[in-house]
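Chain by chain, the residues:
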Amino acid sequence: MQNRVNGTRSNAFRFAFALLAALLLAGCSGDAPDVDERLVSTFVEIRMVEQTYGPDSPAGRLARKGVLERHGYTRETFAAACDKVLEDDAQWIPFQKAVVERIDSLLGIPKPVVKDPKKKEAKK
C-alpha cells in the first residue's frame, strides 16, 4: 500500500513539474494556435480520475471510459488526438498552458496578471 501511495505522489509530482515547465515555456512563445477545448477538458478529467483511482483500478477504468464517452472519444481516438498534440511543438505548449489554466480554475487559483512591458514604454 505504501508503494502505491508513493507511486501516486511521484506521478503527481512529475505531472505538476511537466505542467510548470510547459507554462514557463508558453510564456516565451508567440501567437499560439487554437487549442481543442474538448481535448483539454477530456485530458484534465482523465488525469483527475487517475489521481483519484490510480492507473490500474477497475473503478478507474470505468471512470475513464465514462469520461471518454461523455466527450465523444474512444480510447484509440483520444490517444491519437494526444499523440497529434505531442508531436507538434506549436500545439503542445498552448495545449499544456490550457491544461494548466483549466486545473487552476478548478482549484480556484486566479489567473496571474501579466503586464505588457510595451505599454509601460509607451507611457514614458
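Before reading on, note that the structure itself is shown above.
Residues numbered from 1 in each chain as written. Predicted model: local features only at pLDDT ≥ 70, side-chain atom pairs only at ≥ 80, totals over all residues. Heavy atoms only, no water.

J.: Please give an account of the packing of aromatic side chains that cites residues and values.
T.: What the rule picks out here adds up to 3 aromatic pairs. An angle of 75 degrees between the planes, with centres 5.3 Å apart, marks the rings of Phe-43 and Phe-95 as edge-to-face. Of this pair, Phe-43 sits in helix H2 (residues 37-53) while Phe-95 sits in helix H5 (residues 89-107); the two residues are 52 residues apart in sequence, bridging distant segments of the chain. For the pair shown, Phe-43 and Phe-95 are each scored as buried. On the numbers, 5.6 Å between centres and 75 degrees between planes, the contact of Tyr-73 with Phe-78 is edge-to-face. Taken individually, Tyr-73 and Phe-78 each receive the classification buried, so the pair is uniform in this respect. Three or more aromatic residues joined by ring pairs form one cluster here, namely Phe-43, Trp-92 and Phe-95. The ring of Tyr-73 carries Arg-38 above its face, with NZ or CZ at 4.0 Å from the centroid. (Phe/Tyr/Trp six-rings, centres within 6.5 Å; stacked < 30°, edge-to-face > 60°. Helix = DSSP H or I, 4+ residues; strand = E, 2+ residues; numbered from the N terminus. Buried < 20%, exposed > 50% of the residue type's maximum accessible area, 1.4 Å probe, protein only. Lys NZ or Arg CZ within 6 Å of the ring centre and 35° of its normal.)

J.: Can you lay out the environment of Val-67 for me, pointing to particular residues and giving the numbers?
T.: Among the secondary structure elements, Val-67 is positioned in helix H3 (residues 58-70). Looking at Val-67, the relative accessible area reads 3%, which means it is buried. When residues no more than four places from it in sequence are discounted, the contact partners of Val-67 are Thr-42, Glu-45, Ile-46 and Val-49. (Contact = heavy atoms within 4.5 Å.)

J.: So, the packing of H2 against helix H4 (residues 75-86): which residues are in play, and what are the values?
T.: As a packed pair, H2 and H4 sit with axes 11 Å apart at the nearest point and diverge in direction by 110 degrees. With respect to H4, the element H2 is oriented roughly perpendicular. Residue-level inspection shows Leu-39, Thr-42, Phe-43 and Ile-46 of H2 in contact with H4, the latter providing Phe-78, Ala-81, Cys-82 and Val-85. Residues that form the contact of H2 with H4 fall into these classes: 7 nonpolar, 1 polar and no charged. (Axes fitted to C-alpha atoms, helices over the stretch in contact; angles between N-to-C directions. Parallel < 35°, antiparallel > 145°, perpendicular 65-115°, else oblique. Nonpolar A, V, L, I, M, F, W, Y, C, P; charged D, E, K, R; others polar.)

J.: Which residues make up the side chain of Ser-41, and what values do they have?
T.: Positionally, Ser-41 belongs in helix H2. Among the polar contacts listed, one links the side chain of Ser-41 to the side chain of Arg-102, at a separation of 2.4 Å. Residues contacting Ser-41, with those up to four places away along its chain left out, are His-71 and Arg-102. (Polar contact = N/O pair within 3.5 Å; in protein donor to acceptor, adjacent residues only side chain to side chain.)

J.: Lay out H5 in plain terms, naming residues and giving numbers.
T.: The terminal C-alpha atoms of H5, which comprises 19 residues, lie 27 Å apart, in line with the 27 Å expected from a rise of 1.5 Å per residue. Structurally, the start of H5 carries an N-cap: the backbone nitrogen of Ala-90 is 3.0 Å from a side-chain oxygen of Asp-88. A positive backbone phi angle near 80 degrees is found at Gly-108, which sits one or two residues after H5. (Expected span 1.5 Å × (residues − 1).)

J.: Now, about the packing of H2 against H3: what can you tell me, with residues and values included?
T.: Contact geometry for H2 and H3: axes closest at 9 Å, N-to-C directions at 170 degrees. By the angle class used here, H2 and H3 are roughly antiparallel. Residue-level contacts link Thr-42, Glu-45, Ile-46, Val-49, Glu-50 and Tyr-53 of H2 to Ala-59, Gly-60, Ala-63, Arg-64, Val-67, Leu-68 and Arg-70 of H3. A breakdown of the residues in the contact of H2 with H3 according to their chemical character gives 7 nonpolar, 2 polar and 4 charged.

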